[in-house]
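Secondary and tertiary structure notes
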Amino acid sequence: MRTAHVLSLERFTYTYPDASAPALTELSMTLEDGQFVVVAGLSGSGKSTLLRAACGLIPHFHGGEASGSLLVGGLDVRDHGPGVLADMVGTLLQDPESQVVMNTVRAELAFGLENRGYPSGPTARAVEEVALALGIDALLDRPTAELSGGELQRVALGAALAGRPRLLVLDEPTSQLDPVAGAELLGLLRRINEEWGTAVLLCEQRLERCLAAADRVLVLQDGRLAHDGTPEHFLNWAADHAATLVTPAAALFGAAGLTPLPVDVKRARQILRTRGLLPDVAVALGQGRPRRLRRRKHAPGPEAALELSAVWHEWPNGRSALRGVSLTLAPGERVALMGRNGAGKSTLLRQAAGIIAPTRGSVRASGRVALLLQNPGDYLIHDRVEEEVGRDELRRGGLSALGARHPRDLSGGERQRLALALVLAAGEGPPAVLLLDEPTRGMDHARRQELVAELAAVAANGTAVLVATHDPELAAACADRVVLLGDGRPVADGPVRDVLAGGLYFATETARVLGGAGGALLPAEGGELVRGLVAARSADMPALRPPSEVAALP
Amino acid sequence: MTYRPGASALHAARASVALVYCAALVMLALAADHPLVLVGALVAVLLAGSLAGVGAALRRAARWWLIAGLLLTALNPLINQGGVTVLARLPDLPLIGQRDITLEATIVGAVLALRLVDVGLAFALFALAVDPDALLRAVRRRSLHSALAATLATRLWPLLRADSTRLAEARRCLDGDSRPSRRERVLVVRAVAVGALERAVDVAATLELRGYTGAARPPRAPRPWSRHDLAVAGAAAAILGLAVLLLATGFASLHAYPRLAEGSIVQAAALALSAPLLAALPFLQRQGIAP
């Protein structure tokens, strides 16, 4: 019999084995069929634990102690393991690499259905349909080993959806995707939610990406349910109780003193337009048309910290990852390297660090080049933190208290701080260049702010910093200049305001709300701009629409 | 060295039949004593690989097996002191004393090496041209737990390879051009091993989430035998027949000790020629295979 609630928790408490405190405490909530629910919270707040409980991995797979009840489609997770719940729940966890178990995409999509004893005919049909729905039909006969991260993520999502589950559980599905692929994936999820009636329980750090699609937002704090409401209510609550969860558009409105707080760019622009506060981009820029981006001329000088001259990288199969890239970094300069998945960002960093040699062109650095790869855990091979790096470096990184801990027991943010301290201390003196590959993957806002401060301090010592990132908010906060790679070559290279204020995808949310007006990239800058407009309008046009009228907007 | 869908009779044949074909090539190598027959078996494997479109990958794999084979050829006369035809008498060496290098032990070493290369390349052909997913599906009908272990192992291998590459890359970021110390290398290997446990847990969690552990025996999916199934099965049966002939009749045998005594060279040559011919036969049928 089909139950009303696809997920129901009643005073559910869970403690991991050997943990001193519960990861989830007295959690009570329900999720109806067809709802799209976003779970928000800082790192360690219990989001992933809730998701793992909803798919039955907790307590069956992880062990530990559970009390209260958690029912999935009326089945208690303590009596029914993930294999049984797989009939109702499709799950997509963070790392797509370890979620693909078969060798071809077709076999991967069919795998779950075969396990449930589907005959071959219906299995083949379900595979074709889910592949078409997700736009991966061209990949069906490709080996999974050859897929990119974004393709793997889609295939893993397809495998979770092939059996048409009632509930789809997703743990940061866009964390490895560029803004374009992330937006596509979330659009896809919303379409599946609307057309198939699949309930979605999604945990995501970049709330600005998914809030517009959500019916409800749950906020977890220290394993407890701190808030449960609509996205609009969530933003109002977060503004008062959890500032780090406020989206950039809402923060912009907060800084400008405007209400209601918008859940997405469309709503924000609608409110501003209604109030006559949407800046005229041409006027704001002081020109008749948006400023044209010019590629920098790279005049190599003796002062350059890093200089790449017309570098190419061609793979053995003939594909070019980089096509004649020239890039110069001055000492102390902070540059963000952006672009889609597969644009060549990681290859460029590896060339700059000397890990791979360019097939053509040359790389020169004025001193040591330090590279922090995507997974900081790859640097940590000892049993104790203090064995990885010296005491002075630990103190400088704020890690002195963790010296006796095992590196694998550290949180993601702590691991990254340790790995950063390690690469900075690897040679004599500070490095000439620091390269970072996707340093904010799966990172919450608070840790991102810490990283921005750390990078500013490194650059202040004369080290040039090059950060490859998909995160426009990070680029805006930490870089002086942005280089945008497309198909292995720079398609834009200029001051951060020029590049990030004018893009559709590679732009901060503030810039997209304000259409790039005034080069405002961060909420505080945008808020100041809008306040200026409010003041100007108040002087010129006293009759603004009342807030009640704005709140009634659809 | 991983399977990729391809356009050949071996790829088109059902996985169980392709497995038997590769197993027949292994059996032939194990059954043969005579170097000529073993060379024939080697040519058979290389020819099959080339006709299946995996020749380049097979040749890459051959380099490693040849190195192992040469090592075996060199070691056997040092370890095995059988045989009466002394080619060289080594001086008194520490630990092993004085050793005679005999023609017989050298020939036996070469035969063992040739057999090793044959078997290794037949396995490589299997890995390159037989769809492991389809094979796993077939095995699951017989033994679920073996299939589970095989799934974990096959999925873990590429993950661990990727992990070790990343860890080594991270070390290079820290060490620059200087070579890592032996202790560091041990620590990296240990980190990969520890990571293997985590990876195994992740893959096991995924298998749980896909309902693998609670899966019922998959339904039988009857599939008519294609001409490629029949051709590859026929070739496999014929090659197995050769192996049985060698074992049962002692054709083309080789007795090494105390003195070399080989069977009829004509028989050996005939068998050596027939092995590649039989292995290549199914590939002549290209109807229904994309160019």
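For clarity, every value in this text was computed on a predicted model and none was experimentally measured.

A short note on the overall build of chain B
When you go through chain B residue by residue, the secondary structure sums to 10 helices and four strands. Helices and strands appear in chain B in the N-to-C order α-α-α-α-β-β-α-α-α-α-α-β-β-α. Referenced to the eigenvectors of the C-alpha coordinate spread, the extents of chain B come out at roughly 65 × 55 × 35 Å. For chain B, contacts bridging at least 24 residues in sequence account for 77% of all contacts bridging at least 6. Carbon and sulfur atoms make up 68% of the accessible area of chain B, which totals about 14800 Å².

Here's the deal with unusual backbone geometry
Residues and elements named next belong to chain A. P59 follows I58 through a cis peptide bond whose omega is 5°. By the secondary structure assignment, P59 is in helix α2 (residues 57–60). The residue after T259, namely P260, is reached through a cis peptide bond having omega -5°. Among the secondary structure elements, P260 is positioned in the loop between α10 (248–256) and α11 (265–274). Positive phi is not limited to glycine here, since R11 has a value of about 45°. As for its placement among the helices and strands, R11 is situated in strand β1 (residues 5–15). When its relative accessible area of 48% is taken as the criterion, R11 is described as partly exposed. One non-glycine residue, A310, adopts positive backbone phi at about 45°. With respect to the helices and strands, A310 occurs in strand β11 (residues 306–314).

A short note on the pattern of salt bridges
All names here are of chain A. Counted according to the given criterion, the structure contains 39 salt bridges over all chains. Two residues, D33 and R166, come together in a salt bridge whose shortest N-O distance is 2.9 Å. With D33 in the loop between β2 (24–32) and β3 (36–40) and R166 in the loop between α6 (149–161) and β7 (167–171), the pair connects residues that are 133 residues apart, well separated along the chain. The partner of E129 in a salt bridge is R125, with the nearest N and O atoms 3.2 Å apart. Placement of the pair is E129 and R125 together in helix α5 (residues 120–134), with a separation of four residues, close to one helical turn. For E129, a relative accessible area of 35% gives the class partly exposed. On the accessibility criterion, R125 (58% relative accessible area) is exposed.

Looking at the interface of chain B and chain A
On the side of chain A, 48 residues touch chain B, which itself brings 45 residues to the contact. At the boundary of chain B with chain A, total buried surface from both sides reaches about 4200 Å², with 55% on carbon and sulfur atoms. Our enumeration of links across chain B and chain A arrives at six salt bridges. Linking E169 of chain B and R350 of chain A is a salt bridge whose minimum nitrogen-to-oxygen distance equals 2.9 Å. Where chain B touches chain A, the interface holds 14 residue pairs in polar contact (both at pLDDT 80 or more). Contributions of two or more residues to the side of chain B that touches chain A are made by α6 (132–142), α7 (144–175) and α8 (182–209) of chain B. Among the elements that take part in the side of chain B that touches chain A, α8 of chain B stands out by supplying 19 residues, more than any other. Residues of the side of chain B that touches chain A, tallied by class, amount to 24 nonpolar, four polar and 17 charged.

Structural notes on the environment of E172 of chain A
All names here are of chain A. Inspection of the secondary structure puts E172 in the loop between β7 and α7 (179–196). For E172, a relative accessible area of 3% corresponds to the buried category. In the structure, E172 is positioned 45 residues away from V217 in sequence and 15 Å away in space, judged by C-alpha atoms. Here E172 is in contact with Q94, Q153, C203, E204, Q205 and G442, once residues within four sequence places are set aside. Among the polar contacts made by the side chain of E172, one reaches the side chain of Q205 at a distance of 3.5 Å.

So, the packing of aromatic side chains
All chains considered together, the criterion is met by three aromatic pairs over all chains. Judged by centre distance (5.0 Å) and plane angle (80°), the ring pair of Y14 of chain A and Y16 of chain A falls under edge-to-face. Across from the ring centre of W312 of chain A, 4.2 Å away, lies the NZ or CZ of R360 of chain A, which sits over that ring. One Lys or Arg, R14 of chain B, reaches over the ring of W225 of chain B and ends 4.5 Å from the middle of that ring.

Let's talk about the sheet that holds strand β14 (residues 360–365) of chain A
Residues and elements named next belong to chain A. Read across the sheet, three strands follow the order β12-β11-β14 without closing on themselves; strand pairing throughout is antiparallel. Across the chains shown, the open sheet's two edge strands, defined by having one partner strand only, are β12 (320–329) and β14. Adjacent strand axes in the sheet meet at a mean angle of 15°, parallel and antiparallel pairs treated alike. Taken together, the six bridges between β11 and β12 define a ladder with antiparallel strand orientation. What sits directly across from L308, in β12, is L327. Most of the contacts of helix α13 (residues 345–352) go to β11, to which it runs at about 125°, and overall it touches β11, β12 and β14.

Some details on the environment of A74 of chain B
All names here are of chain B. For A74, the location among the structural elements is in helix α4 (residues 55–79). Take A74: its relative accessible area is 46%, and that puts it in the partly exposed class. Taking the C-alpha atoms as reference points, A74 and G241, 167 residues apart in sequence, are found 33 Å from one another.

Quick notes on the pairing of β1 of chain A
Residues and elements named next belong to chain A. Among the 11 residues of β1, eight are classified as buried, and the element is accordingly described as predominantly covered. As judged from the six bridges shared by β1 and β2, these two strands associate in the antiparallel manner. Paired with H5 across the two strands is E32, which belongs to β2. Note that β1 and strand β4 (residues 65–72) share seven bridges and pair antiparallel. Following the sheet pairing, S8 is matched in β4 by L71.

Quick look at the nonpolar core
With 69 residues, the main nonpolar core has L109, L157 and F234 of chain A as its most contacted residues. Among the elements that make up this core, the one with the highest residue count is α6 of chain A (seven residues). Of the domains in this structure, domain 1 (5–242) and domain 2 (252–288 + 522–551) of chain A are the two that each give at least three residues to this core. When near neighbours in sequence (up to four residues on either side) are disregarded, L157 of chain A contacts L92, L134, L168, L170, L185, L188 and L189 of chain A. Listed in part, the 56 residues of the second largest apolar core include A29, A52, V130 and V232 of chain B.

A look at the side chain of D76 of chain A
Residues and elements named next belong to chain A. Inspection of the secondary structure assignment puts D76 in strand β5 (residues 75–76). The exposure class of D76 is buried, given its relative accessible area of 15%. A polar contact of 2.9 Å, which involves the side chain of D76, links it to the backbone nitrogen of R78. Apart from residues no more than four positions distant in its own chain, D76 is found in contact with S69, L70 and L71.

Calculation notes
- Residues numbered from 1 in each chain as written.
- Chains lettered and ligands numbered in written order.
- Predicted model: local features only at pLDDT ≥ 70, side-chain atom pairs only at ≥ 80, totals over all residues.
- Heavy atoms only, no water.
- Helix = DSSP H or I, 4+ residues; strand = E, 2+ residues; numbered from the N terminus.
- Contact = heavy atoms within 4.5 Å.
- Areas by Shrake-Rupley, 256 points an atom, 1.4 Å probe, with all protein chains shown as cover.
- Buried < 20%, exposed > 50% of the residue type's maximum accessible area, 1.4 Å probe, protein only.
- Salt bridge = Lys/Arg side-chain N within 4 Å of Asp/Glu carboxyl O.
- Buried area = accessible area lost by both parts, 1.4 Å probe.
- Polar contact = N/O pair within 3.5 Å; in protein donor to acceptor, adjacent residues only side chain to side chain.
- Nonpolar A, V, L, I, M, F, W, Y, C, P; charged D, E, K, R; others polar.
- Phe/Tyr/Trp six-rings, centres within 6.5 Å; stacked < 30°, edge-to-face > 60°.
- Lys NZ or Arg CZ within 6 Å of the ring centre and 35° of its normal.
- Pairing = 2+ DSSP bridges.
- Axes fitted to C-alpha atoms, helices over the stretch in contact; angles between N-to-C directions.
- Core = buried A, V, L, I, M, F, W, Y, C linked by side-chain atoms within 4.5 Å.
- Domains from an automatic or database assignment.

The values are spatial; any link to function lies outside them.
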